[in-house]
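Remarks on the overall topology
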Amino acid sequence: MRREFPAVIAVALQEYEGEEQPFRKLHRLVDVFETIIKYAAIIAIQDFYRLRLENKYRSVSEEIRRRIHRAPLGEWIENLLYLPAECLQNNPKRSFC
C-alpha cells in the first residue's frame, strides 16, 4: 500500500501505524494529516508556477510568497484552498485540481 504514496506521506503513515501508545498515535495521525495538506499545497503551488500564472495573478503570487515562509498548518490549508480556485479557475490546463 505504501508504494502508492509519495515517500513523505508513506513515512508519516508508517510512523502512525507503528505507534502503540494511544496519545502518541493520535499525534502521529495529526502528523499524517499535516503532511498530506502540505504535500497537496506544494503540488498546487508548483502547478501555479509551472503554468506561468504568476504574472496574470500577481496577487496570488504575492500571497504565496507572504505565506510560504515557515507557514503554520492553517496557512498551508489556506494556500491549498485559495490557489486552485483563484489561479486555475480560468485555465483549462489544470493538472492539480
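What counts, and at which threshold
- Residues numbered from 1 in each chain as written.
- Predicted model: local features only at pLDDT ≥ 70, side-chain atom pairs only at ≥ 80, totals over all residues.
- Heavy atoms only, no water.
- Helix = DSSP H or I, 4+ residues; strand = E, 2+ residues; numbered from the N terminus.
- Contact = heavy atoms within 4.5 Å.
- Areas by Shrake-Rupley, 256 points an atom, 1.4 Å probe, with all protein chains shown as cover.
- Phe/Tyr/Trp six-rings, centres within 6.5 Å; stacked < 30°, edge-to-face > 60°.
- Buried < 20%, exposed > 50% of the residue type's maximum accessible area, 1.4 Å probe, protein only.
- Lys NZ or Arg CZ within 6 Å of the ring centre and 35° of its normal.
- pLDDT = per-residue confidence, 0-100.
- Patch = residues over 30% accessible without salt bridge, like charges linked within 9 Å, V, L, I, M, F, W, Y side chains within 5 Å.
- Salt bridge = Lys/Arg side-chain N within 4 Å of Asp/Glu carboxyl O.

Moving on, we come to the overall build of the protein. Along the protein, the regular secondary structure elements total four helices and zero strands. The order of α-helices and β-strands along the protein, N terminus first, is α-α-α-α. Excluding contacts between residues fewer than 6 apart, the proportion of contacts in the protein whose partners are at least 24 apart in sequence is 49%. About 6900 Å² of surface is accessible on the protein, with carbon and sulfur atoms providing 55% of the total.

Let us now look at the packing of aromatic side chains. Applying the stated criterion to the full structure yields one aromatic pair. Here the aromatic rings of Phe48 and Tyr49 are separated by 4.9 Å at their centres, their planes lie at 85 degrees, and the arrangement is edge-to-face. A relative accessible area of 0% means that Phe48 is categorised as buried. For Tyr49, a relative accessible area of 25% gives the class partly exposed. Lying over the aromatic face of Tyr16, Lys25 brings its terminal NZ or CZ to 4.3 Å of the ring centre.

Put simply, the protein has an average pLDDT of 81, and 82% of its residues get 70 or more. Between the elements of the protein, mean pLDDT differs from a low of 72, seen in helix H4 (residues 73-87), to a high of 94, seen in helix H1 (residues 7-18).

With that settled, the discussion passes to a nonpolar patch on the surface. On the surface, Leu26, Leu29 and Val30 cluster together to form a nonpolar patch covering roughly 250 Å² of accessible area. Relative to the elements of secondary structure, Val30 occurs in helix H2 (residues 22-50).

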